[in-house]
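# Structure assessment
Listed here are the chains, written in short residue letters.
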Amino acid sequence: MGPFIVQFLTGLSNASALFLVAAGLSLIFGVSRVVNMAHGSFYMVGAYVAYFAISWLPKGGFWFWGGILIAAVVVGLLGTVVEVLLLRRIYRAPELFMLMATFAVLLVIQDLALWVFGAEDLLGPRAPGLDGSIQILGALMPEYDIALILIAPLVLVGLWFLLNRTRWGVLVRAATEDREMLAALGVNQKRLFTGVFFLGSFLAGLGGAVQLPKGGADLLMDLNVIAAAFVVVVVGGMGSIPGAFLAALILGELTSFGVLFIPQSTLVMMFFVMAVVLVIRPYGLLGKPEGVEHTVSELAQWPLRKASRKLRVTGAVLAAVLLAFPLFAGSFQLILIGEIAMFALACMSLFFITGPGGMVSFGHAAFFGGGAYAAALFVHHVNTPMELALLLAPTCMALLALVIGWFCVRLSGVYLAMLTLAFAQICWAVVCQWGRFTGGDDGVLGIWPSPWAGNEVIFYYLAIIISGGGILALRYLLFTPFGYAMRACRDSRLRAAAIGIHVRRRQWYSFAVAGMFAGLAGGIYVFSKGSVFPYEMSIPRSFDILLSVLLGGIHSLSGPVVGSAAFIGLEDLISRVHFWRLILGSIFILLVVCFPQGIAGYFSARFAKEPGDQEAGSERSG
Amino acid sequence: MTKLLQVDGLYKSFGGVEAVKGVSFDLEEGELLAMIGPNGAGKSTCFNVINGQLTPDRGSVKILGQDTTGMKPHNICALGVGRTFQVTATFPSMTVLENVQMVFLSARGRLSTVHRTVSRLFVEQAMDLLRVVGVESQWARPCGILAYGDLKRVELAMALANRPRLLLMDEPTAGMGIKERLTLMKLIGKIASERAIGVLFTEHDMDVVFAHADRIIVLNHGVLIAQGSPAEVRDNHEVRRIYLGSYAR
Amino acid sequence: MRVVRIVMICFAMNFIAAALAVPLSFAGGAITVGEINTYSKLTNFTIPYRNGWRLAVEEINNSGGIGGKKLEVISRDDAGKPGNAVKIAEELVRRDKVALLMGSFFSHVGLALTDFAKRNRVFYLAAEPLSDALVWAKGNRYTFRLRPSTYMQAAMLAEEAAKNPARRWATIAPNYAYGKDAVKSFVRILKAKRPDVQFVAAQWPALFKIDAGSEIQALAKADPQAVYNVTFSGDLAKFVREGKLRGFFKGRFMVSLLTGEPEYLDPLRGEAPEGWLVTGYPWYDIKTRAHTRFLEAYRKKYNDYPRMGSVVGYNMVLAVASMLNRAGDTNTDRMVRAMEGLTFPSPFGPITFRKIDHQSTMGTFVGYTTLKNGKGVMRDWRYADGREYLPGDAEVRSLRPRD
């Protein structure tokens, strides 16, 4: 019995740690709708600051907890600085852009942390007075875990009082429930948001600091914790603090006992739970439905316009340059351009559902990497020729997208995005674990093009034609009834249903089309690299694609191409210097502040006349 | 002859609050039926139940004799029901013309078409409808930047595009000037009689209601308290007490 | 617009910074080689590693270079992405015209480069990746590997572990290829030596996301007499701390891969476990002349002590330099032939690249951990030479595809 109780208590202490990180994230999202990717960074900074504060302060229990509090306050201030200097400028930008801004902050903090805190892993100090263990029916349980189990409910109660018994808290809750109303009440939103950001970051710092005695501080903490934190927030219902607590409890216990009964489950347990919860409860355990019509209104203001003559000329010139490129470029440039093109197709497929479709996916790498794997596995196991593999990859991914999409289109907004993430992570785990078939982490090697396409110039043309063709096909699709129906569902679900459009079905089909083209991109990609590894299906890969789309601009049809070129170009250019993440992050921040509509969006907005001018009309009649 | 719409003993509650309590009425072809009542009387709930957005707790809805209780909006639309909303719902990123084209595409089952662009499909038919409702000059402008009155007309065009037998109009003239209101209602009445469409509409402006409705039903606290011709309703004591007050002098 | 100008200036600055960061390739006067590693992650390994290879390059160039030519290294960061590594390899080979490629840490990145080397007939020396597949199942003519593989290190530990009377064993390893290979090899070799042992539990925490408390409880439930651990870095720290607090290590024989390496042992400080059988690098106690010379040079240049990564980086460049001296030029076929059977002197003594599978015979140190002056160190260690822990030639031939 003892071991089971201890396992249970261990699960509780895990839950505590999870709750502390997730509470701040949920709070920030609830009020400001910022999907704060930098939350994990705040957590990491909290751990480091607490470590140095505790080793600098005198020994003893008082100073230990003092150090933790100092760290939490420091991180809270850091969050405030980020909010005031960066996020405040872009609250009017689309929500997704805030995601990009906070991702940039994450990149910057990664390198700053390396610079300030050093490369070596730090082992956390033990908590004075809580450095032993107690006996529970013959099993030992660390005292600090018991303390942790108590801390989370204390924080929960504290937050409850703050949110329910103070004027500030009431305003915060009002903001969570109805932002427009808050503005109408004449509340100083700026100060409120800054305050919430302080509190949220404070909690992240506290979470990082409090876990010190259970582990320590290292430079991978930020990315390692952020996914788990998001899962807790989403499972609990975004913006709901009690929900986060409940979700942390469930996830903490399930992972703890999962380890006991299914040791292999560690890769995927959390995401599996999230998928199940979201399928059953589309807004998390204690979340409330969002006003669906509000979430996409900002996108709906951007009409889709056919290419102006100027753009067509530019496109033709670009195509001509690309076709003539092998005449004057070196072989590496060909490879780089080819890669940009393939990646642009993947980006375009994500843009297709995210921009005009209004469905954000955080798991698009499932289809990109999945396409790469499908092609590679056909070649590897049954010696499929390249030409056939390039057909089979998109077919398989369309089928996969039909399966995943069937669940996802029942959701909307961030919940939909997180469900795609969960499915992508499940696919990734399958590829990792099913080593006999997929090669596991060692990947699939030796996937080279057919002999006729082995030459780099020919392969370049192949890549350009397939990717360019795919991009143009997706673009064309947006102007057909198929694309219009998808856009109609984004613009107004209400109206779409009222004129007889089966909204979910349209979204489902669109999802499958996006998956298919991402699969095509992955299929050609694997032949250019010769090998494929689970990384191509992982979360970071999904975010590569998403960031590129945002970089180009979610409002502009040429955004994905521009974004892909900018992303791969930047990555290639600055990965030569040390601290390149610092530079990349700073560039992202600048872009977000200067071009809130993305690069392509900025230029098309600058060069186009007012939307709806006669330009569009004359072209249609002409 | 079958009734266009038969609503029978409708109940719907939200978290313990009964919004609609046993409402029954029906509607004939070519008839303009106005549903009136103070705010919170249950008008919008009734509309949303008939439209399929809400499922009633009890009671049934029949359209053209077919039981549609619990059917989804897109299926109800296919039976020949057009709808306009209290707060206009159009596709703001599309032009006026495209908005109407969408209805044709949907009604003719062309939504999965991938080999032709929208710009070549149902243009003439859509333009004809825009002329009918009088916004043809605006055809190339996105709905997102249209004036409110024009939007209402676009919605009307969209509601008419799939050749409906029944029109559900939630405050079709809200936010318009008085002159525009009367013109629009006259237009609706004309279309309804020409095409033998039954129209169920709600309206706050009693001038509009009494000038245009063939028949009126009155809701209060989710209960149907009176129905009949405008004259009958005007003379109903309870209606006067609860709702019309000073209006019906 | 002002913001636009600012952005443009930033872009321009980046271009300049990038341009400056790329060393010019000296056509006649230098031999340029490409080096790829995951510098933006795993800094506790890669920074000492970079120090190591830079020291070797400096020493070689100070003593006249290679056949009178200077050795230039273009070093790039793959960010742990195999696709990036291949792209960088393409660039190094095609644009920078490097003579050969070397480096990498993660096995999957190493395997991606292995495949690249095969297809493009480029010489590639994998420095750190431990995957057995690199030289066996996925091995090829153009790829060599320096470090002792997962199999070799597991074999070293299994040999010593077999001497312990423990019969009930459990394993805990990160849930990815390295962990799985390390467990598979260890189990196989230990069972071959000791048919009486049984494995009663296998735990697979996610890499760098270990839930140490739960894992310890799960292991304790199986009540093994001995445990084989493959977790490392931050996972190891958590595992050790929870295990101590929960009294798990008491009376149990612990065997742990890589834990004696300063990269992983030193962060544990006073909490370093005692009496674990580990592989590692006791730089403080190695008194051979070759090592002392390396240690002094390293300390002089960096004012720091070397880690295992430093030796790997150092040996990597030494191996390449010796090979280039022997080959006489940078023709890939001649380089491959020169590398096969090449023996070069290293801080760990002479190391040979086997002709049969292109694995080097670089070994590692096997010993027990203990605390000394509040720091974890290795005691009773010995150098396990790699050549003694490789399977027989017939088996190797069956493992490796024909070229």
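All values derive from a computational prediction rather than experimental measurement.

### Observations regarding the packing of aromatic side chains
Counting across every chain of the model gives 56 aromatic pairs over all chains. Ring centres of phenylalanine 343 of chain A and phenylalanine 567 of chain A lie 6.0 Å apart, and the angle between their planes is 20°; this geometry places the pair in the stacked category. On the criterion of sequence distance, the pair formed by phenylalanine 343 of chain A in helix 15 (residues 331-354) and phenylalanine 567 of chain A in helix 25 (residues 559-574) is long-range, its members being 224 residues apart. Accessibility classification places phenylalanine 343 of chain A together with phenylalanine 567 of chain A in one group, the buried group. What links up through ring pairs into an aromatic cluster is the set Tyr39, Phe45, Tyr49, Phe105 and Phe106 of chain C.

### Remarks on the domain arrangement of chain B
Residue and element names in this part refer to chain B. Split by domain assignment, chain B resolves into domain 1 (1-80 + 164-249) and domain 2 (89-163). In terms of surface lost to domain 2, no three residues of domain 1 exceed Pro164, Leu187 and Arg195, which account for 34% of the buried area on that side. Remark: the boundary between domain 1 and domain 2 carries zero salt bridges. Of all the secondary-structure elements, those providing two or more residues to the side of domain 1 that touches domain 2 are strand 7 (166-170) and helix 6 (178-195). Take the side of domain 1 that touches domain 2: its biggest share by element is six residues, from helix 6.

### Examining the interface of chain A and chain B
Taken together, the contact between chain A and chain B spans 33 residues of the former and 39 residues of the latter. Counting each side, the surface lost to burial between chain A and chain B is near 3,100 Å², with a carbon and sulfur contribution of 65%. Between chain A and chain B we count one salt bridge in total. Among the salt bridges present, the one from arginine 495 of chain A reaches glutamate 155 of chain B, with a minimum N-O distance of 2.8 Å.

### Examining the pattern of salt bridges
Throughout the structure, instances matching the rule amount to 48 salt bridges over all chains. In this structure, lysine 87 of chain C and glutamate 571 of chain A form a salt bridge, with 3.8 Å as the shortest nitrogen-oxygen distance. With lysine 87 of chain C in helix 3 (residues 82-94) and glutamate 571 of chain A in helix 25, this residue pair bridges two chains. An identical accessibility class is assigned to lysine 87 of chain C and glutamate 571 of chain A; each is buried. Notably, a salt bridge pairs aspartate 205 of chain B with arginine 181 of chain B, separated by 2.9 Å at the nearest N-O pair. Of this pair, aspartate 205 of chain B sits in the loop between strand 8 (198-202) and helix 7 (206-212) while arginine 181 of chain B sits in helix 6, placing them 24 residues apart in sequence. The exposure classification of aspartate 205 of chain B matches that of arginine 181 of chain B, with both residues buried. One network of salt bridges, in which partners are shared, links Glu339, Lys529, Glu536, Arg541, Asp544 and Glu571 of chain A together with Lys81 and Lys87 of chain C.

### Some thoughts on the arrangement of the chains
The top pair by number of contacts, from a total of two pairs of chains in contact, is chains A and C. If you take every C-alpha in chain B and every C-alpha in chain C, the smallest gap between them is 28 Å, and the two do not touch.

### So, the interface of chain C and chain A
Every contact between the two is made by 76 residues of chain C and, on the other side, 85 residues of chain A. For the pairing of chain C and chain A, the buried interface totals around 7,000 Å² over both sides, and the portion due to carbon and sulfur atoms is 56%. The interface formed by chain C and chain A contains 10 salt bridges. Arginine 94 of chain C is the salt-bridge partner of glutamate 456 of chain A, the closest N and O atoms lying 2.5 Å from each other. Where chain C meets chain A, there are 34 residue pairs in polar contact (both at pLDDT 80 or more). Here the element with the most residues in the side of chain C that touches chain A is helix 1 (residues 2-21) of chain C; it accounts for 11 residues. Residue composition of the side of chain C that touches chain A, by class: 32 nonpolar, 16 polar and 28 charged.

### Re the nonpolar core
Side chains that are nonpolar tend, in soluble globular proteins, to be buried together. Core analysis: the biggest nonpolar cluster contains 218 residues, and Phe19, Met274, Phe352, Phe527 and Phe588 of chain A have the highest contact counts within it. The two domains that each donate at least three residues to this core are domain 1 (19-220) and domain 2 (333-539) of chain A. With residues up to four places along the chain from it excluded, the contact list for phenylalanine 527 of chain A reads Ala375, Val379, Met386, Ala389, Leu390, Ile447, Trp448, Pro449 and Phe459 of chain A. Of all hydrophobic cores here, the second largest spans 143 residues; its members include Trp53, Phe116, Ala173 and Ala237 of chain C.

### So, the environment of glutamate 274 of chain C
All names here are of chain C. Among the secondary structure elements, glutamate 274 is positioned in the loop between helix 9 (262-265) and strand 10 (277-280). Note: C-alpha distance between glutamate 274 and valine 377 (103 residues apart in sequence) is 9.0 Å. For glutamate 274, the contacting residues outside a window of four places in its chain are Thr369, Thr370 and Leu371.

### Focus: the sheet that holds strand 1 (residues 5-14) of chain B
Residue and element names in this part refer to chain B. One open sheet holds the four strands; their spatial order is 2-1-4-5, and the pairing between them is antiparallel. In this open sheet, the two strands that pair with only one neighbour each are strand 2 (17-27) and strand 5 (66-67). Summarising the sheet, strand 1 and strand 2 pair through eight bridges and their orientation is antiparallel. Residue valine 7 lies in a different strand from strand 2, and its bridge partner there is phenylalanine 25.

Reading the values: rules and limits
Residues numbered from 1 in each chain as written. Chains lettered and ligands numbered in written order. Predicted model: local features only at pLDDT ≥ 70, side-chain atom pairs only at ≥ 80, totals over all residues. Heavy atoms only, no water. Phe/Tyr/Trp six-rings, centres within 6.5 Å; stacked < 30°, edge-to-face > 60°. Helix = DSSP H or I, 4+ residues; strand = E, 2+ residues; numbered from the N terminus. Buried < 20%, exposed > 50% of the residue type's maximum accessible area, 1.4 Å probe, protein only. Domains from an automatic or database assignment. Buried area = accessible area lost by both parts, 1.4 Å probe. Salt bridge = Lys/Arg side-chain N within 4 Å of Asp/Glu carboxyl O. Contact = heavy atoms within 4.5 Å. Polar contact = N/O pair within 3.5 Å; in protein donor to acceptor, adjacent residues only side chain to side chain. Nonpolar A, V, L, I, M, F, W, Y, C, P; charged D, E, K, R; others polar. Core = buried A, V, L, I, M, F, W, Y, C linked by side-chain atoms within 4.5 Å. Pairing = 2+ DSSP bridges.

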